[in-house]
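Survey of secondary and tertiary structure
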Amino acid sequence: MTSYLPTLLAPAGTTVSTSALDSAADTLATISDRFYGGFLAWALIAVGLYFTLRTRAVQFRLFGAMLREVAGSRSSADDHEGGISSFQAFAIGLASRVGTGNIVGVALAITMGGPGAVFWMWVVALVGMATGFVESTLAQVFKVRHSDGTFRGGPAYYISRGLGSRRWGAIFAVIITFVFGFAYEATQANTISTMVQDTFDVSPWATAVVLVLITAPIVFKGIRRVARIAEWMAPLMATVYAIIALVILVMNLGAIPMALREIVEGAFGLNQAFAGLAGGFYAAMINGVRRGLFSNEAGEGSVPNAAATATTSHPVRQGFIQSLGVFVDTLVVCTATALIVLLSGVYDPATAQADGASTLTSASVASQLGDWAQYLMVAIVFVFAYSSLLGNYTYAEVNMDFLLRGRSKHYGLRTVILVATFIGAVSSLTFVWNLADIAMGVMAVINIVAIVLLGKWCFGVLRDWEAQRKALVAGEIEEIRFVSTDNPYLPRELPGDVWAAPSSQEEPASPGNHASVGA
């Protein structure tokens, strides 16, 4: 989510003025670039490496368990205990992760940093899987039950309940509500209207009206409706896009080794012919790191809001599922985009321009499959952007629940979502994008500090799961189920009743009874 995107995604015909607003946007862009490149990217990588070591490389040694959890989570018996299923929570997280950044963002990373940027996207995704596992497991550990039967959780909740600081939890909640409740909703709508206008010459005002009409019935039904839509939309968009990449790969089998060579050599600056606009090793690394980090969102504190909404028998299960989401976003979807661009012959590092990144992927697909493919790309971009719009709404609602302690129907927030959708479709949002970049960065810093301080809870919960899995294999227990009461693996007694032993609850065993939203 870099500061380049607003210019690239501005509606056709928009002219850049010299107003005070544009000057402020330029200033924010400079701050954003220095903040990401000088601090945040390195902090997130360091945290990912730390969690990789402390979990004994959970993302590698338990990758098979992650696949099994996703495969079995949709029809799990847990789905009937209230809330939404683990698969639906995975789909919501995937819907927000996988968006226009996977098309425009990857093309921009290659344009600015060369093919080598893709290698560094892979690196940050692999270490980011550990970070994603930790933050999503913590979201499950400290979640609370909402009055409508669903769960709420995420950084605001684990900061408040785990670290005992409701003030910092509230600060986080305000920031993420702004970012996902307005700024990114508007940007996704802007992306849709831009593509529709450029391809079909449809007025952005008409697109804005249609978007509002199809979004309103969904968001006004709440998280369950969003979950049902995301459940099929997110996997569908990733599957269709992966099929396109596979077709192009098959058409260019002989060129794949060269594409991989360009990625590796460009990553370490071994061949200047593969350098991007900025040139060299540093450009490849910083552009790959930035696009990788803010495509898969590991460490930002956004996806845990979706992870917490799942009904599951053990926190680690959802940690596995969301960690796999990082893999799918970057190692599958972003790599698919990169190979499409590199194999098509459209991309030329000697002539590439930053202002052409917004259409580079679409042009690459069309060059391989024919001009008709540009219409297919419009459909894909629409699904990517629209599913992100819905996923972002979920994050905003969860944090509004924290701020208002669950005493709101969120009609005001849902109205703001529609307003943001309309404004985004008809406007150029350069200033808002740059402001949101910085707000997202501040949000990530707060989350990083929190998950490092609370890491011992996740490590203990992981040890509990591994001990139960060993007992399950030995036939000593019938199922893996987390109970926090008198759990020897936890640093202390877990607050709240969600994971308490059945004997300490007023109702029969079920993961989640009695805890109050906003605790």
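Per chain, the residues get numbers from 1 upward, laid out in the order the sequence is written. This being a predicted model, a pLDDT of at least 70 is required before a residue's local features are given, and a value of 80 or more before pairs of side-chain atoms are given or counted; all residues contribute to the totals for chains, interfaces and linings. To get the side-chain values, take all heavy atoms of the structure and skip hydrogens and water.

Side note on the overall build of the protein chain
Segments assigned H or I by DSSP are reported as helices when at least four residues long, segments assigned E as strands when at least two residues long, and all are numbered from the N terminus. In terms of helices and strands, the protein chain carries 20 helices and two strands. The buried label goes to any residue with under 20% of its type's maximum accessible area, the exposed label to any with over 50%, and the partly exposed label to all in between, with areas taken from a 1.4 Å probe on protein chains only. Residue burial in the protein chain is summarised as follows: out of 519 residues, 62% are buried. Once local pairs closer than 6 in sequence are excluded, the contacts in the protein chain between residues at least 24 apart make up 83%. Note on contacts: a residue pair is in contact if any heavy atoms of the two residues lie within 4.5 Å.

Considering the side chain of T215
Within the secondary structure, T215 sits in helix α10 (residues 204-219). The exposure class assigned to T215 is buried, which follows from its relative accessible area of 0%. A polar contact of 2.6 Å, which involves the side chain of T215, links it to the backbone oxygen of L211. Residues within four places of T215 in sequence aside, it is in contact with Y386, L389 and L418. Pairs of N or O atoms are called polar contacts if they sit within 3.5 Å, as long as, within protein, a hydrogen donor faces a hydrogen acceptor (for residues adjacent in sequence, only side-chain-to-side-chain pairs).

Remarks on the pattern of salt bridges
Any Lys or Arg side-chain nitrogen found within 4 Å of a carboxyl oxygen on Asp or Glu counts as a salt bridge. Enumeration according to the criterion identifies eight salt bridges in this entry. When the shortest N-O distance is used, the salt bridge between E265 and R261 registers 2.8 Å. Of the two residues, E265 and R261 are both situated in helix α12 (residues 256-267); the distance of four residues between them amounts to about one turn of the helix. The class of E265 is buried, set by a relative accessible area of 17%. Two residues, E397 and R414, come together in a salt bridge whose shortest N-O distance is 3.6 Å. With E397 in helix α17 (residues 373-404) and R414 in helix α18 (residues 411-426), this residue pair connects regions lying 17 residues apart in the sequence. One network of salt bridges, with partners in common, ties together R152, E397, D401 and R414.

What about the nonpolar core?
Nonpolar side chains in soluble globular proteins tend to end up buried together. Among the nonpolar cores identified, the biggest contains 113 residues, and L138, Y158, Y241 and F320 are the most heavily contacted of them. Top contributing element to this core by residue count: helix α15 (residues 315-344), with 15 residues. Apart from the residues within four sequence positions on either side, Y158 is in contact with E135, L138, A139, F142, L163, P304, N447, A450, I451 and L454. For the purposes of this section, nonpolar cores are sets of buried Ala, Val, Leu, Ile, Met, Phe, Trp, Tyr and Cys residues that join through side-chain atoms within 4.5 Å.

Considering helix α6 (residues 104-113)
Counting buried positions over the 10 residues of α6 gives 10, a clear majority of the element. Here α6 has its buried residues at V104, G105, V106, A107, L108, A109, I110, T111, M112 and G113. With its phi angle positive at about 80 degrees, G114 sits one or two positions after the end of α6.

So, the environment of G391
By secondary structure assignment, the location of G391 is in helix α17. Under the relative-accessibility criterion, G391 is labelled buried at 3%.

Concerning the side chain of E466
In this fold, E466 is placed in helix α20 (residues 455-473). According to the relative accessible area criterion, E466 is buried, its value standing at 15%. In this structure the side chain of E466 is engaged in a polar contact, spanning 3.1 Å, whose partner is the side chain of R56. Setting aside chain neighbours within four positions, we find E466 in contact with R56, R61 and L62.

Some thoughts on unusual backbone geometry
In this structure, A57 is a non-glycine residue whose phi angle is positive, near 55 degrees. Located in the positive-phi region is E297, a residue other than glycine, with phi close to 65 degrees. Assignment of secondary structure puts E297 in the loop between α13 (280-296) and α14 (304-307). A relative accessible area of 0% places E297 in the buried class.

Quick look at the confidence of the model for the protein chain
In this model, the protein chain carries a mean pLDDT of 80, and residues with pLDDT of at least 70 account for 78%. pLDDT gives the predictor's per-residue confidence on a scale running from 0 to 100. Of the regions scoring below 50 in pLDDT, residues 1-18 engages in 51 contacts with residues more than four places distant in sequence or in other chains. Segment residues 504-517 is flagged for pLDDT under 50; beyond a separation of four residues in sequence, or across chains, it makes 44 contacts in the model.

Side note on a nonpolar patch on the surface
A patch is a set of surface residues, each over 30% in relative accessible area and not in a salt bridge, joined within 9 Å for like charges and within 5 Å for the nonpolar side chains Val, Leu, Ile, Met, Phe, Trp and Tyr. Here the accessible surface of atoms and residues is derived via Shrake-Rupley with a 1.4 Å probe, and residues count as covered only by protein chains that are part of the display. A cluster of nonpolar residues, W42, V264, F268, F281 and Y282, forms a patch on the protein surface that exposes about 480 Å² of accessible area. Along the polypeptide, F281 turns up in helix α13.

Description of the packing of α12 against α15
Note on method: axes are straight lines fitted to C-alpha atoms, helices fitted across the in-contact stretch only, with angles between N-to-C directions ranging 0 to 180 degrees. Interhelical geometry of α12 versus α15 gives an angle of 110 degrees and a closest axis separation of 10 Å. It follows that α12 is roughly perpendicular to α15 by the angle criterion. Regarding α12 and α15, the two cross each other, and that crossing is right-handed. Residues I256, A259, E262 and I263 of α12 form the contact with α15, whose participating residues are L339, L342 and L343. Residues are sorted three ways: Asp, Glu, Lys and Arg are charged, Ala, Val, Leu, Ile, Met, Phe, Trp, Tyr, Cys and Pro are nonpolar, and all the rest, Gly among them, are polar. Here the residues of the contact of α12 with α15 are counted per class, giving six nonpolar, no polar and one charged. Each angle gets one of four labels, with under 35 degrees taken as roughly parallel, over 145 as roughly antiparallel, 65 to 115 as roughly perpendicular, and the rest as oblique. Left-handed describes a crossing whose near helix is turned anticlockwise from the far helix by less than a right angle; the clockwise case is right-handed.

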